[in-house]
Amino acid sequence: MSGFLIRAAAVADAQTIAALNLACWRETYAGLLPAETFASLALDERVDHWRGVFGAGAGRVALALDPAGEAVGFSHWREHELILGGRLGRGGEICAIYLRRAAQGQGLGRRLARRAAEEMRASGLKWASLLVLRDNLPARRFYEAMDGRRFGRELFWRGVPQVAYGWRDVDRLAAHQ
Ligand SMILES: CC(C)(COP(=O)(O)OP(=O)(O)OC[C@H]1O[C@@H](n2cnc3c(N)ncnc32)[C@H](O)[C@@H]1OP(=O)(O)O)[C@@H](O)C(=O)NCCC(=O)NCCS
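Residues numbered from 1 in each chain as written. Predicted model: local features only at pLDDT ≥ 70, side-chain atom pairs only at ≥ 80, totals over all residues. Heavy atoms only, no water.

Some details on the overall build of the protein
Argument step 1. Along its length, the protein carries 6 helices and 7 strands.
Argument step 2. Relative to the compact-globule value of 16 Å for 177 residues, the protein shows a C-alpha radius of gyration of 16 Å, a close match.
Argument step 3. Along the first, second and third principal axes, the C-alpha atoms of the protein reach 40 × 35 × 30 Å.
Argument step 4. A buried classification covers 45% of the 177 residues belonging to the protein.
Argument step 5. Restricting to contacts in the protein with at least 6 residues of sequence separation, those with at least 24 account for 65%. (Helix = DSSP H or I, 4+ residues; strand = E, 2+ residues; numbered from the N terminus. Rg over C-alpha atoms; globule rule 2.2 N^0.38 Å. Buried < 20%, exposed > 50% of the residue type's maximum accessible area, 1.4 Å probe, protein only. Contact = heavy atoms within 4.5 Å.)

Here's the deal with helix 3 (residues 43–56)
Argument step 1. For helix 3, spanning 14 residues, the distance from its first C-alpha to its last is 20 Å, which sits close to the expected 20 Å at 1.5 Å a residue.
Argument step 2. Those residues of helix 3 that sit buried are Arg46, Val47, Trp50, Val53 and Phe54. One side of helix 3 carries all its buried residues, which in axial view fall inside an arc of 120 degrees. Away from the buried face of helix 3 by more than 90 degrees, exposed residues Asp44, Asp48, Gly55 and Ala56 are located.
Argument step 3. Looking one or two residues beyond helix 3, the residue adopting positive phi is Gly57, at roughly 60 degrees. (Expected span 1.5 Å × (residues − 1). Arc of directions from axis to C-beta.)

Comments concerning the pairing of strand 4 (residues 87–99)
Argument step 1. Strand direction decides the pairing type here: strand 4 and strand 5 (residues 128–133), joined by 3 bridges, are parallel. Counterpart to Gly92 in the pairing with strand 5 is Ala128.
Argument step 2. What joins strand 4 to strand 5 is helix 4 (residues 108–122), and the crossover it makes is right-handed. (Pairing = 2+ DSSP bridges. Right-handed = clockwise from strand over helix to strand, strands pointing away.)

Observations regarding the pattern of salt bridges
Argument step 1. Applying the stated criterion across every chain, the model contains 12 salt bridges.
Argument step 2. A salt bridge links Arg46 to Glu45; the nearest nitrogen and oxygen atoms lie 3.0 Å apart.
Argument step 3. Given a relative accessible area of 7%, Arg46 falls into the buried group.
Argument step 4. Its relative accessible area of 39% is what places Glu45 among the partly exposed residues. (Salt bridge = Lys/Arg side-chain N within 4 Å of Asp/Glu carboxyl O.)

Remarks on the site of the ligand
Argument step 1. The local shell around the ligand holds 20 residues, among which Ile97, Leu99, Gly105, Gly107 and Gly109 are the closest.
Argument step 2. Backbone polar atom of Gly109 to an oxygen atom of the ligand: 2.8 Å apart, as the coordinates give it.
Argument step 3. One of the backbone nitrogen or oxygen atoms of Pro138 is found 3.4 Å away from a nitrogen atom of the ligand.
Argument step 4. Relative to its unbound accessible area of 930 Å², the ligand is 71% covered by the protein chains.
Argument step 5. Going through the elements one at a time, helix 1 (14–29), strand 4, helix 4 and helix 5 (137–145) are the ones with two or more residues in the shell around the ligand.
Argument step 6. Ranked by residue count, the leading element in the shell around the ligand is helix 5, at 6 residues. (Near = heavy atom within 4 Å. Polar contact = N/O pair within 3.5 Å; in protein donor to acceptor, adjacent residues only side chain to side chain. Areas by Shrake-Rupley, 256 points an atom, 1.4 Å probe, with all protein chains shown as cover.)

Looking at the side chain of Ser75
Argument step 1. Tracing the backbone shows Ser75 in strand 3 (residues 71–84).
Argument step 2. If we ignore the near neighbours within four places in the chain, the residues touching Ser75 are Arg60, Val61, Ala62, Ala96, Ile97 and Leu112.

Structure below.
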């Protein structure tokens, strides 16, 4: 895939990412989240959220740009701790991978996931996990195509069920073809 660029994002991108975040949520979650959830979404709140992420150094964010330099997607991961098999371990959590609809299905999601995994590996983390809405079937098919394995039980986000996927070996995600 050519023409699209992925670069590290910084606090100066908070407004751009917030607007993308809202646009992608609206495209992705119509019909999956209650209508009142959409009514309550506000750009200011999202800008504050992303400024907070950058301000706290809470993980790494990448921005995907189309050939015209327009932002079309982003990813965010952070370090987290999880008890697996009774043992506490450190890993990377993919908090978000979102692309505008027109940019989907062209390999950008794979590039963002691989980049996040490479950064986790460089940070000394061995495994990766994420949560996805149970009924977001296209995203689940994507994570399965990337060899993510379902684990754990259902959790809830904004009142709707979520499921977890994981990669025991972050190297495999970083090298996924
Ligand atoms: C999910 C998302 C990140 C995937 O990114 P993408 O660029 O569309 O996916 P890619 O083109 O990189 O595809 C990578 C692999 O996943 C597969 N895949 C992607 N979407 C798929 C789908 N809906 N069904 C089946 N396979 C799918 C591709 O076929 C490809 O596998 P292959 O190379 O073996 O054929 C993107 O579509 C998106 O942003 N969707 C809306 C937001 C969203 O739901 N984000 C996840 C929130 S948890």
